[in-house]
Structures are given as structure tokens and as C-alpha cells.
Amino acid sequence: PGVVDLHYQTLRSFSIVLDTILPTLQGQGEIWIVTGTGHHRQGHQTEGALFSAVSQYLTERGVQFQVGVDASGHSGAFQIHC
């Protein structure tokens, strides 16, 4: 599957990245959008700020997704189908 890694993107830049990349991935099948879990910040958050923003972005655009979790059960990725 394809991967769009949004680590190191900001709340301002991630949408520009997705607006640019997602149209080029049409027909590619399963794509993972990785935001990270936010656990590298001081103390673990329930979810990272970028995760929440990407979730809202996908929902507003009608993109169906499933949330992926890491081995510790932290959410930090979205699986979509293009």
C-alpha cells in the first residue's frame, strides 16, 4: 500500500500536502495517511493535534477512512481507498 507520511507537517501545512498528493493517488487502492500519535510530546495525549485535524479534513471532504493503531493501541494513521 501507499503511504503519505505527515510527520513534521504542521496544522497549517498538512492540508496543502493532502490537497496536492491525494488527487495523484486516485486508483492506487489502499493508502495510509500517517500523522503519528503525539506521544513524543511531553506526556502522551489521547491523540495528536495533527491526527484530529486530518480526521476533520477527511470527514469534511467525504473521504471514508479507518483509523489505524500502533502496537500500543495509540491511534496515529488513517487507511483510505483511492
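In this text the structure is predicted, and so the values were computed from the model without any measurement.

(A) Representation of the sheet that holds strand S4 (residues 75–81). The strand order across the open sheet built from four strands is S1-S2-S4-S3, with neighbouring strands paired in mixed fashion. With partners counted over all chains shown, the strands left at the sheet margins are strand S1 (2–5) and strand S3 (66–69), one partner each. The average angle at which neighbouring strand axes cross in this sheet is 30°, direction not considered. Pairing between S3 and S4: four bridges, direction antiparallel. Within S4, the position partnered with glutamine 66 by the bridge is glutamine 79. Of the strands in this sheet, strand S2 (30–34), S3 and S4 touch helix H2 (residues 49–60), which is tilted by about 20° from S4.

(B) Fine view of the pattern of salt bridges. Taken as a whole and judged by the stated rule, the model has one salt bridge. Arginine 61 serves as the salt-bridge partner of glutamate 60, at 4.0 Å between the closest nitrogen and oxygen.

(C) Spatial organisation of the packing of aromatic side chains. Enumeration according to the criterion identifies three aromatic pairs in this entry. Look at phenylalanine 14 and tyrosine 57: their rings are 5.8 Å apart centre to centre, the planes differ by 70°, and that puts the pair in the edge-to-face class. Of this pair, phenylalanine 14 sits in helix H1 (residues 14–21) while tyrosine 57 sits in helix H2, and the two are 43 residues apart along the sequence. Taken individually, phenylalanine 14 and tyrosine 57 each receive the classification buried, so the pair is uniform in this respect. Considering the side-chain rings of phenylalanine 51 and phenylalanine 78, the 4.5 Å spacing of their centres and the 15° angle between planes classify their relative orientation as stacked. Highlighted residues: phenylalanine 51 in helix H2 and phenylalanine 78 in strand S4, separated in sequence by 27 residues. Across the pair, exposure class does not vary: phenylalanine 51 and phenylalanine 78 are buried alike. These aromatic residues form a ring-pair network of at least three members: Phe51, Phe65 and Phe78.

What counts as what
- Residues numbered from 1 in each chain as written.
- Predicted model: local features only at pLDDT ≥ 70, side-chain atom pairs only at ≥ 80, totals over all residues.
- Heavy atoms only, no water.
- Pairing = 2+ DSSP bridges.
- Helix = DSSP H or I, 4+ residues; strand = E, 2+ residues; numbered from the N terminus.
- Axes fitted to C-alpha atoms, helices over the stretch in contact; angles between N-to-C directions.
- Contact = heavy atoms within 4.5 Å.
- Salt bridge = Lys/Arg side-chain N within 4 Å of Asp/Glu carboxyl O.
- Phe/Tyr/Trp six-rings, centres within 6.5 Å; stacked < 30°, edge-to-face > 60°.
- Buried < 20%, exposed > 50% of the residue type's maximum accessible area, 1.4 Å probe, protein only.

By themselves, these are just geometric observations and shouldn't be taken as functional.
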